Each structure stands twice: as structure tokens, then as C-alpha cells.
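Geometric and topological summary
Given next are the chains, with one letter for each unit.
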Amino acid sequence: MHSSIQDLVRDFHRAFGLDVAPRPATAALQLSLHRQDLLAEEVAELAEASAVGDLDHIAQELADVVYIAYGTALVHGIDLDAVIAEVHRANMSKLGPDGRPTLRADGKVLKGPSYRAPDVSAVLRHQGWTPGPGESSS
Ligand SMILES: [Mg+2]
């Protein structure tokens, strides 16, 4: 049976007694900073691996970055798969009316007339998020 990355990382957090918030909420500052340190560490390791160019090492560090990112979503109670699906929807809406990409001269993908930005606030509200004072709820 196939498990999503999110399910695997949730299993890890439960097995090791790490935080898994039941619904979206801003985590305690100390926990947020700790998660940011973990992610920065893995991004730095990825940069080192990329500089050396060993593909197995690059793959390992990419996996570590994604694993930590999913774990960080869990401590914030975010269903990251749903957020990624919304970002993907927005990215695909950059295609032109002819179904083809519009590229700038340097290769950057430009937004076509059908582009609709990701509405991450709506996704989080659907997951039970109630924005606090000063938090985005666009
Ligand atoms: Mg690593």
C-alpha cells in the first residue's frame, strides 16, 4: 500500500513524540525557530552536496529537505498536500489559452491570462484555521 509523504512523516513524528497539531495554528515561537534551524541545516547540506555533485548525496539531502518541510507543516497543523495541490493548480493556470506556456527570453515561465494565484488562506480555513489578529485571511 502506498503511503503519502505526509503520512510517513506523521508516523515518524508520532513514533518519536514530536508535535503534530490537530488543525492549522501558529506554533510556539521556540518550536517555529527550531523547525527553521532544522530546515536551514538540511538546505545547507543540499548546497554542499550540489557543490560536490554526488547524485546519491543530492537525492538524500533533497529528501531531508522535503521530510523536514512536511514535519514543519505537521507542527503547524497544516495539511501540506492540500496546500501543494493549490499551488500546483495556480502554477498550471499559467498556461496560455492554447494550452502552451509563455516563456520569457531567459526561460522564466510567465503568467498567462487564465492565471489565478494560489488561495492558501482558503485552503487553511477549509482545514479549520481561524486567522488571529494580524494574520492574513485574504
Ligand atoms: Mg541531511
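One can find the structure itself at the top, above this paragraph.
Residues numbered from 1 in each chain as written. Predicted model: local features only at pLDDT ≥ 70, side-chain atom pairs only at ≥ 80, totals over all residues. Heavy atoms only, no water.

**Details of the coordination of the magnesium ion**
Coordination of the magnesium ion by the protein is provided by Glu42 (OE), Glu45 (OE), Glu61 (OE) and Asp64 (OD), with metal-donor distances spanning 2.1 to 2.2 Å. Read in sequence order, the donor residues for the magnesium ion give the motif E-x2-E-x15-E-x2-D. Of this pair, glutamate 45 sits in helix α2 (residues 29-52) while aspartate 64 sits in helix α3 (residues 55-75); the two residues are 19 residues apart in sequence, bridging distant segments of the chain. Residue glutamate 45 is classed as partly exposed on the basis of its relative accessible area, which comes to 26%. (Donors = N, O, S within 2.8 Å, 3.2 Å for Na, K, Ca; no water. Helix = DSSP H or I, 4+ residues; strand = E, 2+ residues; numbered from the N terminus. Buried < 20%, exposed > 50% of the residue type's maximum accessible area, 1.4 Å probe, protein only.)

**Some words on helix α1 (residues 5-15)**
Of the residues making up α1, those classed as buried are Gln6, Val9 and His13. For α1, the angular spread of the buried residues around the axis is 70°, confining them to a single face. Exposed positions of α1 whose direction lies more than 90 degrees from the buried face are Arg14 and Ala15. On its buried face, α1 is in contact with α2, α3 and α4 (80-92). At the exit of α1 stands glycine 17, carrying a positive phi of roughly 70°. (Arc of directions from axis to C-beta. Contact = heavy atoms within 4.5 Å.)

That's the geometry; what it means functionally is another story.
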